[in-house]
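Structure at a glance
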Amino acid sequence: METSCDETSAAVVDEHGIRGLAIASQDAHAAFGGVVPEIAAREHIRSLDAMVRHAMREADVDHADIAGVGVTAGPGLVGALLAGVNWAKAYAFARGLPLLGVHHMEGHLFGTALEHEGAHPPFIGLLVSGGHTLLLEARAWGRYRLLGQTRDDAAGEAFDKVARRLGLPYPGGPEIQRAAERSAAAHGTAAGSKAAGSPAAGGAAGRFQLPRPMLSRRDLPGDPAYYDMSFSGLKTAAARIAGQLEEESALADAVDDLAAEFQEAVVEVLAEKTRRAVEQTGCRRVVLGGGVARNSRLREGLAERLGSSGELYAPSPRLATDNAAMIAAAAQFRLARGERSPWSLNAEAALAFPGLA
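Residues numbered from 1 in each chain as written. Predicted model: local features only at pLDDT ≥ 70, side-chain atom pairs only at ≥ 80, totals over all residues. Heavy atoms only, no water.

Digging into the overall build of the protein
Counting secondary structure elements, the protein contains 10 helices and 9 strands. Whereas a compact globule of 357 residues would reach a radius of gyration of roughly 21 Å, the protein reaches 21 Å, a difference of no more than 12%. Residues classed as buried in the protein amount to 55% of the 357 residues present. Taking the contacts inside the protein whose residues are at least 6 apart along the sequence as the reference set, 72% of them involve residues at least 24 apart. As displayed, the protein offers around 15,100 Å² of accessible surface, 50% of which is attributable to carbon and sulfur atoms. Treating the 36 positive side-chain charges of the protein as one cloud and the 43 negative ones as another, the clouds have centres 4 Å apart. (Helix = DSSP H or I, 4+ residues; strand = E, 2+ residues; numbered from the N terminus. Rg over C-alpha atoms; globule rule 2.2 N^0.38 Å. Buried < 20%, exposed > 50% of the residue type's maximum accessible area, 1.4 Å probe, protein only. Contact = heavy atoms within 4.5 Å. Areas by Shrake-Rupley, 256 points an atom, 1.4 Å probe, with all protein chains shown as cover. Lys, Arg positive; Asp, Glu negative; His and termini not counted. Charge placed at Lys NZ, Arg CZ, Asp CG, Glu CD.)

Right, here's the structure in full:
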C-alpha cells in the first residue's frame, strides 16, 4: 500500500511479479499549484478501500490468499502516510498477518526490478523524485552505500518550482519536458542535442545559459561534493532570467527555450554524477527510479554518459510514479528474510534509508 504523497495505490505481488495494481492520482492539487497535505490525506482515506478491492480483483485473490501486508511508512507527508499505515495495521491485525513498513525510496528500486530481470544488485541506484535525489551503491538488496545526495532542493521539486515560475501547469516535470520538446522542434534539433555551431545543449539552441551546479569544481572521489548535487541555485538562476524577460514583456515567447535549458542543466548534473559513480565503483549497472525517471531526456542523458558498455534500467511511467507494487515487492523481500514490523509502527516523514553501511 502506498500513500506517501498524492497517489493512493494498492497492489498484490507474488514471486512471479505483479498480480494486481491500482493507482488513483489526485487531481485536486493542480488548482493550488502543488500538493495540499490535508487534501491528500482525506483523499487517501476515501480511496483506499476501493483501491484494495480493485487490486485484489485484478489479481484474482481473496483475503485468505494474502501472506503479508506492506505499507509505505515514510518518508512523505505525515498525514498522507498515516492514512496508509493505519489502514494496513488494522487490516493486518484483523487478519492475523505480518506487517511490513517499507521505505518509499527503497521501494522505487524494487519497482524497476519488477520490470527488468537485470535490475538486481550490485548496481548504482539513482533515485530522483519531488522530495529526494539520491545516488547510492546497492551491494545487495537491503545493503546500500550512500554516495551522494542533493544538498538542498530535490530535482523534482526544482522542476515543479521552475515550471510554476514560467507559468506552466502543475505537476511541472512533464510540462518542462513538453516545453523542451517544443523548443527542440522549433529549432530543428533533437531535444537535448547540440545544434550545429551552438555552444549550448538543449532545444534552446544556446539562447540561454544556466549553470551546472557542482560540476565545475575539481573535487576528488573522496570529497562528498564529488557525488553530491545542488539545485537551489539553478532554480534561482532560471527564476532570475524569467524575471528579466518578464520586465521586457518577453517571457511568453521564451518559456520553451528556457525550460529546455533548465532541463538540460538538471540532466547533465544527474548524468555526470552517475557516470562518476560508475567509474569509481566499477559497477556499470545503473538502476533509475522515482517520479523524475519518467523524463525521457534524463534516460537519454544517462545512456549517453554510460556508453555502450553500461547497463541502464529505467521503470515504465506507471512504475516510475508512486505505486504500491514497488512497496509490495520490497515488503515481500523483507518478509522472506523473516522481518516484521511491530504493531507500534508509525509514519515517519523523514524516515532514514534502510541498510546504509
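Observations concerning helix H3 (residues 104–115)
Between its first and last C-alpha atoms H3 spans 18 Å; for 12 residues at 1.5 Å apiece the expected length is 16 Å, and the two agree. For H3, a buried count of 9 out of 12 residues is recorded, marking the element as mostly surrounded by other parts of the structure. When H3 is considered as a whole, its buried residues turn out to be His-104, Met-105, Glu-106, Gly-107, His-108, Leu-109, Phe-110, Gly-111 and Thr-112. (Expected span 1.5 Å × (residues − 1).)

Overview of the sheet that holds strand E9 (residues 311–313)
The sheet built from 5 strands is open, its strands ordered E7-E6-E5-E8-E9 with mixed pairing. This sheet does not close on itself; its edge strands, each paired only once, are strand E7 (143–149) and E9. Recorded for the sheet is a direction-independent mean angle of 25° between the axes of neighbouring strands. The sheet contact formed by strand E5 (residues 123–128) and strand E6 (residues 133–140) spans 6 bridges and is antiparallel. Looking at the pairing, Gly-125 lines up with Leu-136 of E6. Relative to E9, helix H8 (residues 296–306) is tilted by about 165°, and along the sheet it contacts E5, strand E8 (285–289) and E9. (Pairing = 2+ DSSP bridges. Axes fitted to C-alpha atoms, helices over the stretch in contact; angles between N-to-C directions.)

Structural notes on the packing of helix H4 (residues 155–165) against helix H5 (residues 172–187)
Packing of H4 against H5 brings their axes to within 7 Å, and their N-to-C directions diverge by 65°. The crossing of H4 and H5 is left-handed. Within the contact between the two elements, H4 uses Phe-159, Asp-160, Val-162 and Ala-163 and H5 uses Gly-172, Gly-173 and Ile-176. (Left-handed = near helix turned anticlockwise from the far one by under 90°.)

A look at unusual backbone geometry
Between Gly-74 and Pro-75 the backbone carries a cis peptide bond, its omega angle lying at -10°. Turning to its location among the elements, Pro-75 is positioned in the loop between strand E3 (69–74) and helix H2 (78–95). With an omega dihedral of 0°, the bond running from Pro-121 to Pro-122 counts as a cis peptide bond. Phi at Asp-60 takes a positive value of approximately 60°, unusual for a residue other than glycine. Note that Asp-60 resides in the loop between helix H1 (37–59) and E3. Exposure remark for Asp-60: the relative accessible area of 65% places this residue in the exposed category. Here the phi dihedral of Met-214 falls at roughly 65°; this positive angle occurs in a residue that is not glycine.

Focus: the packing of aromatic side chains
Evaluated as defined, the whole model comprises 8 aromatic pairs. With a centroid separation of 5.3 Å and 15° between ring planes, the pair formed by Trp-87 and Tyr-91 is classed as stacked. Within this pair, Trp-87 and its partner Tyr-91 are both found in helix H2, separated by 4 residues, close to a single helical turn. What makes Trp-87 partly exposed here is its relative accessible area of 22%. Of the residues examined, Tyr-91 reaches a relative accessible area of 12% and is grouped as buried. (Phe/Tyr/Trp six-rings, centres within 6.5 Å; stacked < 30°, edge-to-face > 60°.)

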